[in-house]
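Structural overview
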Amino acid sequence: MQSPPVASPPKVPSFPRSFWVANAMEIFERMGWYGFYAVSTLYLTSPISEGGLGLSSKDRGVIQGLSTFFLYFFPALFGTLADRYGYRLMFVLSAAVMVPGYLLLHLPHTFYGFFLVYILVACGHGMFKPVVLSTIVKTTSAQNGTLGFGIFYMMVNIGGLLGPLIAGVVRGWSWDYVFYTSAGWIALMGVLCLLLYQEPPRERRSEPLSAVLRRMVAVIGNARFFALVIGMLLLLVLGSKWWTFRSASTVAVWWLLVHLLWDLALRFRRPRPHDPFYLQPLKVGEGRYLLFLLLMSGFWTCENQLALTMPEYIRDYVDSRDLVASFSPMASVLLRGLSYLGFDTASFSRAVLDQGRVKPEHLINLNSLGIICLQVLISFAARSLPPLATIISGVLLTALSFLLFVPFAAHGSGWLVVTFVLSFSIGEMLASPKSKEYAGRIAPPDKVGLYMGYFYLCVALGNLFGGLLSGSAYQHFGKRGTNRPDLLFLLFAGLSVASALVLWLYDRWLRRHPATS
């Protein structure tokens, strides 16, 4: 009698070496970026006597907003160059830009000097980002892609956790060590690439860079509409530092009126083939999708306040000695153990604490720790919820997190910040992954790739708006202004609620006007 065949156990998905090398490189790249970014608010606004640059909050917001905007804008360009010249070369070039960038970053002591070097650093990270994502795509398949990207995003958060943790420790001795440490992580990333990275199979593209730029412009509209949008963004930046808000608003109104009146004049002219761009009427590209990206940028504007505004607020208003007291028995046991093993623990408190309080970057870092521990659980719990409902729930939880501070904003405590960061992180874990899923679902079937390829435009805009808002709002409501941090958090909460509302209205409009492919 023949026994029934024994079912073989399911195979554990395997990945090529380039997949694991790319993930290791991602950890070091994130450690380099977040190592400084998490403390950049403190460095830029701390007094010169304490090793900082002594800039205003408004100047800080301009630097952070523009640099991170370019970081998320560059990948569309550098991804094309990587497809043409090779991933390995682009990895090496990115390291060759970032390492000297971080080493030079501690030298400038003026707004313009620091800004120019930081743009160079952002450019290097923008070169790295599309290549590591492309490597993950090329080294995974339909069978193991979900696990592969799950591993990759876990590495992102591990780097985001370790970088600020170590940077917070070394800045206790000197700010210079923060820049040296970030440069060291990037150098290790480059060494890994040179020694272990193997180029995955890819199709070499002969598409010129000019065609890529034309395609990017076409997503937004024709050249005239693109110029209109870029002009409005430029005026927004100018009004945040170089001009008064009133002057920038006046020029923006005239800029818009000139385009509309010129459009009206063109109606009386017969169009001709190959007209120059200034003789073409305004034409919007993927209008429905651009509107979604603009609305989602409101969520990212609020989300970025955790890294942009909170470090400065914690430094100025939060007394976290309640946290220190809560963990002091555990810390005493740990220090005695390390002393017993021969470690000199005399300077440990300076590395972990700042004037007897927990360092702001370590409190903010609970965001990465929360995502590492809870993202899978949150995603599993929200798996059956509609994407829009999940996004709005996350945005409203973000608003509720801001409201926690309103009654106690002038005298915050350590445990209040911990509660805020963890609840804020759950909101992020709900909204961020589902926003990508929602973008894919609202796309016409023949434009899914296009929609997903330009999704990070909303992140770029959210970083730009978030940086400018953070700097201007904290300059006004913080200690150097009206000293009303409660109104600052009311502003952020109100913006979060408004973002949730307009996303709900947008979804209702979409349902009444479905896209036709």
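Residues numbered from 1 in each chain as written. Predicted model: local features only at pLDDT ≥ 70, side-chain atom pairs only at ≥ 80, totals over all residues. Heavy atoms only, no water.

What follows deals with the packing of aromatic side chains. Centre-to-centre distance and the angle between the planes together describe a pair of aromatic rings. Tallying each qualifying case throughout the model produces 44 aromatic pairs. Relative to Phe 128, the ring of Phe 91 lies with its centre 5.2 Å away and its plane at 50°, an arrangement referred to as tilted. Of the two residues, Phe 91 is situated in helix α4 (residues 87–104) and Phe 128 in helix α5 (residues 111–138); the sequence distance between them amounts to 37 residues. This pair shows no difference in class: Phe 91 is buried, exactly as Phe 128 is. (Phe/Tyr/Trp six-rings, centres within 6.5 Å; stacked < 30°, edge-to-face > 60°. Helix = DSSP H or I, 4+ residues; strand = E, 2+ residues; numbered from the N terminus. Buried < 20%, exposed > 50% of the residue type's maximum accessible area, 1.4 Å probe, protein only.)

Let us look at helix α18 (residues 387–403). When the terminal C-alpha atoms of α18 are compared, their 25 Å separation across 17 residues agrees well with the 24 Å that a helix rising 1.5 Å per residue should span. Buried positions along α18 lie against α11 (287–303), α12 (305–308), α19 (414–442) and α22 (485–512). (Expected span 1.5 Å × (residues − 1). Contact = heavy atoms within 4.5 Å.)

Moving on, we come to the pattern of salt bridges. Per the counting criterion, the structure on display carries 14 salt bridges. A salt bridge links Arg 224 to Asp 263; its shortest N-O distance comes to 2.7 Å. Separated by 39 residues along the polypeptide, Arg 224 in helix α9 (residues 223–240) and Asp 263 in helix α10 (residues 245–266) bring together distant segments of the chain. Looking at Arg 224, the relative accessible area reads 3%, which means it is buried. The partner of Arg 315 in a salt bridge is Asp 316, with the nearest N and O atoms 3.1 Å apart. Accessibility expressed as a relative area gives 27% for Arg 315, which makes it partly exposed. Residues joined by salt bridges that share partners form a network here, namely Arg 60, Glu 312, Arg 315 and Asp 316. (Salt bridge = Lys/Arg side-chain N within 4 Å of Asp/Glu carboxyl O.)

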